[in-house]
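Now for the letters of each chain:
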Amino acid sequence: MKHFLAIGIVMGMALLSLLGCTKHTDKSAGKVLNAALVSDIKGLDPVTSNDLYTHIALVQVYEGLLQYNYLKRPYELEPLLSQAMPVISEDGVTYTFRLRENIFFHDDPAFNGMARPLKASDVVFSFKRVADPHLKSPNWWSFEGRIEGLDEFRKKLLTFKPPIDYDAYHVSGLAAPDDRTIVIKLTRPYRQFPYILTMAHTLIIAPEVVKKYGEEFLNHAVGTGPFVLKDWIRNQKLIFKRNSKYWDATYPTEGEPQDQIQGLLVDSGKKVPFVDEITLWVYVESQPLWLNFLQGNLDFGGIPKEAYDSVFDEKGEIKEEIKRKKIVITKEEDPDIVFFVFNMEDPIVGKNKFLRQAVNCAIDRAEMINLFYNNRAVIANGPIPPGIWGYDPNLKNPYSFDLERAKGLKIKARELYQMSGGKGDIPTILYDITNSTVARQLAEQVSHELTKIGLKIETRVGTWPQFQERMAKKQTQFTSYAWNADYPDPENFLQLLYSKNESPGPNSANFKNKEYDLLYEKMRDMADGPERLEIIRKMVKIIHEEVPWVLMSHRIGYPIRHGWVRNFKRHAVSPGLFKYVDIDPAEKKKILPLLR
Amino acid sequence: MTSYVVRRILYAIPILFGVSLVTFILFHVVGGDPVLTLLGKHASVDEMQELRHQYGFDRPMVLQFVRYLGQIVTFNFERSFQTKQTIGKMLADGATVSLWLAVPPFFISQFMSIVLAMLAAAFRGRMADRFIVIMSVLGMSVSVLAYILFGQFFLAFKLNWFPISGYESDFPDRITYLVLPWIIWIVISIGADVRFYRTIFLEELNQDYVRTAHAKGASPFRVLFVHVFRNALLPIITHVVIEIPFLFMGSLLLEAFFGIPGLGNLAVNAFNNADWPVVKAVTLLGAVLYILGNLISDLLYAKADPRVAL
């Protein structure tokens, strides 16, 4: 027995010593910014980036020709690697950019120990890379048919096996007459083109790095950006350290009127970045993210649905306890839309307008917003969200929640169904969802609401790839979807119902309406103004009348941060500009004890 | 012995073939189209066809399966569709982390379970036995998720005894982050194991040789820890060794909640992203480890019990 006692004592001591050596990092030391990503990053290759989280990681390392002004709203573009905004020819097809001087890529073995300045040819290389069919960029749509000669270049590359020397194939629309000038010639005016140049796939890379790392390039980010990728543990964290050779980029000097009051212009004109290091932590579950934020391990956070009541009281006001901890919460509308999609090619829901109208009237949006977003969303009356030009706050959805009307429309829908050869009542509607808890809860609520008008719903659960496949193959009948702005232009939302974008494209409803298409094609390249607004109104009217969607909500973001974080302003279209954010170590030291 | 091992390895071939066939069918029937995940919402039909051609998805199913079998034979699963990393590196990185997460608590929990089960069996029907059984049943009845949420909230957040989540690849820093997941792993697994081992020990305690040993004047301690334990070793070995392959796979929930970059996370990401090369490799790794586990367990039988002839 003595032996067992001895083993027990040794094990106990070992465990205690392990606990004793538990390393609690001195959270008040240094300017290290800790932020969270709620999904892992697949790779750091700009051309294959396809999600918000990859965008956030990429913009620490890489830079594009243009960026959004950090503070101004409505969103406004400004030059980044370009010295000034491009000179646009009168016909709107030629864009001339002049690069800033003395910009260098991060040091990397790919450059053989030499400082490597940014050149105009790097921009041409980066844009040609988007067109390379072997790289399968999900963002090719943004250049397709837009840049003179680029589509032909793409076709030509198809006949060769990688690696391909892009310089061997000239693209007439992409020219670098000298080391600092880039001339881009479009096939026709493309109003959204400057916005495209802020997107992650247009960030500038160096050909030497691509050549050196080959297929592993996406694991070796080397750009001109404010931070250098120091370490990356997949599924866990990315660490970036300040780029000591970063060019003389400065904090913005202009913003919205309230920015001055909120202290967001104190650092105007100062050189960025302010912090020494950034760690982006991957949290796929909300609890560790939230607890790490509350403990001060994360500088920013999001409020999970289940923690809402611990932050806000019954009146929706921030609780005193949260204020006492100097936690700052702001409220900002997201440029997005949440909607249910009818497959217009489905013989039941697609051919029965009354049925779609009945479903529209049967769904209690306010109740859904309360249940699923803790009221952190507003009812959508049209496809364009707040914050995007063309949003009409006075717009009313003619098929908003009205249970009695829904019942009447359901009767009409059944009659129409029977007139077109159907027998009995409308068959059960198949509702496709992904295999997440929230999606299942949402399906239960939808089913509950539609039962009230005598409609039956059958939920079909699938993995994300299965869900995508069903959408792409037009195999769905009814499903839910959300769209966040790629860029702040109404076209980005109205294209979701353009017939040429049908599945597998973003028009998941497979909505086809000639009048809508003509209006879209006219509106797409127009400058903002009364004429464009009038066309948008007509398009929205068609959407209201034809009901290819159930317009649900526009979400409201509640970014949350600690009191020691300075200069933070959420950018919903192009997030992650951490070069402007600062940490106040003295303030952090004061606040940290309050968190315990 | 050698001929037995060779025979078992040969038996493994049809098993692996079956696993490969089922994986292949499942992936193609319910796995979703990886091309859609890779190309995104704006991809044209031509682009999708092009990528399908590049990956060989447009070839007849039989040829695709033959290619897959070729990859198994050569252990070359190429690169991940999503991360473009070599599969071998991904598996090695993930398995190392998963083993760090799983092995220490597994052996601690096995040791504790055996000791507690022996005590419960020795004091059958008495207070100690009842207490151990009740605690085991309670432990088994609570969901894994509840333990994780409680541990993270109470022990890490409220009491600040452990980091809430995280992982470090450096030693001994990594231990700092693993202590809480280890404790949770032990609590989760100990209940079922204690009950299982208790049944085994009780069965042995009713054997004639135990009565004989007592009659010969052997102390209760010697009877329990020498005679009974040795005879109960076969089912214990089976239980322990069969579990070992699964340790490589880590624990999805623990990895997800504690931000531990192990094989569990890797596998789930691969399934969710239709990352076919990773799915194939992980499934095959699981099957191979299971077969190996069985083989080792059989070999250990012979060591533990001279009556077992291979």
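All residue numbers refer to positions counted from 1 along the written sequence of the respective chain. In the order they appear in the text, chains get letters beginning with A and ligands get numbers beginning with 1. Only residues with pLDDT of 70 or above have their local features reported here, since the model is predicted, and side-chain atom pairs are shown and tallied only from 80 upward, although totals for entire chains, interfaces and linings are computed over all residues.

Here's the deal with the overall build of chain A
When helices and strands are counted, chain A shows 19 helices and 22 strands. Relative to the globule expectation of 25 Å for 596 residues, the C-alpha radius of gyration of chain A, 27 Å, shows essentially globular dimensions. Seen along its three principal axes, the alpha-carbon backbone of chain A occupies a region of about 80 × 75 × 55 Å. Buried positions account for 44% of the 596 residues belonging to chain A. Numbering of helices and strands runs from the N terminus; a helix is a DSSP stretch of H or I covering at least four residues, while a strand is a stretch of E covering at least two. In this setup the radius of gyration rests on C-alpha atoms only. A globule is expected at 2.2 Å times the number of residues raised to 0.38. Three classes are used. A residue is buried when 20 or more other C-beta atoms lie within 10 Å of its own, exposed when 12 or fewer do, and partly exposed in between, with C-beta atoms placed from the backbone.

Notes on the overall build of chain B
Each helix and strand counted, chain B has 14 helices and zero strands in total. The order of α-helices and β-strands along chain B, N terminus first, is α-α-α-α-α-α-α-α-α-α-α-α-α-α. Dimensions of chain B, computed from the C-alpha atoms along their principal axes, are close to 85 × 60 × 35 Å. Going through the 310 residues of chain B one by one, you find that 36% of them count as buried. Once C-beta atoms have been placed from the backbone, residue pairs whose C-beta atoms lie within 7 Å are recorded as contacts. Counted over contacts in chain B with a minimum sequence separation of 6, partners at least 24 positions apart contribute 72%.

A few points about the domain arrangement of chain B
Residue and element names in this part refer to chain B. An automatic or database domain assignment is the source of the domain bounds shown. Split by domain assignment, chain B resolves into domain 1 (2-74) and domain 2 (92-304). Its C-alpha centre places domain 1 at a distance of 33 Å from the equivalent point of domain 2. Between domain 1 and domain 2, the contact holds 15 residues from the first and 11 residues from the second. When contributions to the side of domain 1 that touches domain 2 are tallied by element, the ones reaching two or more residues are helix H1 (2-30), helix H2 (34-39) and helix H4 (61-74). Classification used: nonpolar for Ala, Val, Leu, Ile, Met, Phe, Trp, Tyr, Cys and Pro, charged for Asp, Glu, Lys and Arg, polar for all others including Gly. Looking at the side of domain 1 that touches domain 2, its residues break down into eight nonpolar, five polar and two charged.

Section: the sheet that holds strand S11 (residues 300-301) of chain A
All names here are of chain A. The criterion for strand pairing is that DSSP finds at least two bridges linking the strands in question. Read from one edge to the other, the open sheet built from three strands follows the order S11-S20-S12, with strand pairing classed as antiparallel. Each edge of the open sheet is held by one strand with a lone partner, namely S11 and strand S12 (327-329). The pairing of S12 with strand S20 (residues 560-562) spans three bridges and is antiparallel. Paired with Ile327 across the bridge in S20 is His562.

A few points about the packing of helix H11 (residues 353-362) of chain A against helix H13 (residues 403-419) of chain A
Residue and element names in this part refer to chain A. Structural elements are reduced to axes, namely lines fitted to C-alpha atoms, with helices fitted over the stretch in contact, and the angle between N-to-C directions of any two is expressed from 0 to 180 degrees. For the pair H11 and H13, interaxial distance at closest approach is 8 Å and the crossing angle is 160 degrees. Looking at the two axes, H11 sits roughly antiparallel to H13. Crossing of H11 against H13: the hand is left-handed. In this structure, H11 uses Phe354, Leu355, Gln357, Ala358, Cys361 and Ala362 to contact H13, whose residues at the interface are Leu403, Arg405, Ala406, Leu409, Lys410, Lys412, Ala413 and Leu416. A class-by-class count of the residues in the contact of H11 with H13 yields 10 nonpolar, one polar and three charged. If an angle is under 35 degrees, it is roughly parallel; if it is over 145, roughly antiparallel; if it lies from 65 to 115, roughly perpendicular; otherwise it is oblique. Take the far helix as the reference: if the near one is turned anticlockwise from it by less than a right angle, the crossing is left-handed, and if turned clockwise, right-handed.

Here we look at the domain arrangement of chain A
Residue and element names in this part refer to chain A. Domain assignment breaks chain A into domain 1 (1-61 + 221-331 + 559-596), domain 2 (63-214) and domain 3 (336-556). Placing the centre of domain 2 and that of domain 3 at their C-alpha centroids yields a distance of 36 Å. Taken residue by residue, the interface counts eight residues in domain 2 and eight residues in domain 3. When the residues that make up the side of domain 2 that touches domain 3 are grouped by side-chain class, the tally is six nonpolar, one polar and one charged.

Overview of the nonpolar core
To form a nonpolar core, buried Ala, Val, Leu, Ile, Met, Phe, Trp, Tyr and Cys residues must be joined through C-beta atoms within 7 Å. Formed by 219 residues in total, the largest nonpolar core has its most connected members in Val61, Phe339, Ala358 and Met539 of chain A together with Ala117 of chain B. No other element matches the 15 residues that helix H5 (residues 87-122) of chain B contributes to this core. Those residues in contact with Ala117 of chain B that sit more than four places away from it in its chain are Val194, Tyr197, Arg198 and Phe201 of chain B.

Considerations on the interface of chain A and chain B
The interface is formed by 43 residues belonging to chain A together with 49 residues belonging to chain B. Examining the composition of the side of chain A that touches chain B, we find that six residues originate from one element, helix H15 (residues 464-472) of chain A, more than from any other. A class-by-class count of the residues in the side of chain A that touches chain B yields 20 nonpolar, 14 polar and nine charged.

Comments concerning the sheet that holds strand S10 (residues 277-282) of chain A
All names here are of chain A. With respect to topology, four strands assemble into an open sheet ordered S1-S10-S9-S8, the strand pairing being mixed. Lying at the two open borders of the sheet, with one neighbouring strand each, are strand S1 (32-37) and strand S8 (227-233). For this sheet, the mean angle separating the axes of adjacent strands, direction not counted, is 20 degrees. Bridge count for strand S9 (residues 237-242) against S10 is five bridges, and the pairing is antiparallel. Counted as the bridge partner of Phe240 is Ile278 from S10.

Some details on helix H11 (residues 233-248) of chain B
Residues and elements named next belong to chain B. Multiply 1.5 Å by the residue count of a helix minus one, and that product is the helix's expected span. Along its 16 residues, H11 runs 24 Å from first to last C-alpha, staying within 8% of the 22 Å computed at 1.5 Å per residue. Those residues of H11 that sit buried are Ile236, Leu247 and Phe248. For H11, the buried positions fall inside an angular range of 85 degrees around the axis, keeping them on one side. Those residues of H11 hidden inside the fold are in contact with H5, helix H8 (173-205), helix H13 (263-272) and helix H14 (276-304). Looking one or two residues beyond H11, the residue adopting positive phi is Gly250, at roughly 70 degrees. In this description, one arc is meant: the one made by directions from the helix axis to the C-beta atoms.

Comments concerning the environment of Pro226 of chain A
All names here are of chain A. Counting through the fold element by element, Pro226 comes out in the loop between helix H6 (207-213) and S8. We classify Pro226 as buried; it has 24 C-beta atoms within 10 Å. Sequence-wise, Pro226 and Lys241 are 15 residues apart; in three dimensions their C-alpha atoms are separated by 8.6 Å. When neighbours within four sequence positions are excluded, Pro226 is seen to be in contact with Gln60, Asn243, Tyr246, Val272, Pro273 and Lys579.

Let's talk about unusual backbone geometry
Residues and elements named next belong to chain A. Look at the link from Arg73 to Pro74: it is a cis peptide, with omega at 0 degrees. Tracing the sequence through the fold places Pro74 in the loop between strand S2 (66-68) and strand S3 (77-79). Here the bond from Val272 into Pro273 is cis, since omega is 0 degrees, no more than 30 degrees from zero. In this structure, Pro273 sits in the loop between helix H7 (257-261) and S10. Notably, Asn235 is not glycine yet its phi reads approximately 70 degrees, a positive angle. With respect to the secondary-structure elements, Asn235 resides in the loop between S8 and S9. With 23 C-beta atoms counted inside 10 Å, the residue Asn235 sits in the buried group. Despite not being glycine, Asn375 shows a phi value in the positive range, around 65 degrees. One can find Asn375 in the loop between helix H12 (365-373) and strand S15 (377-379).

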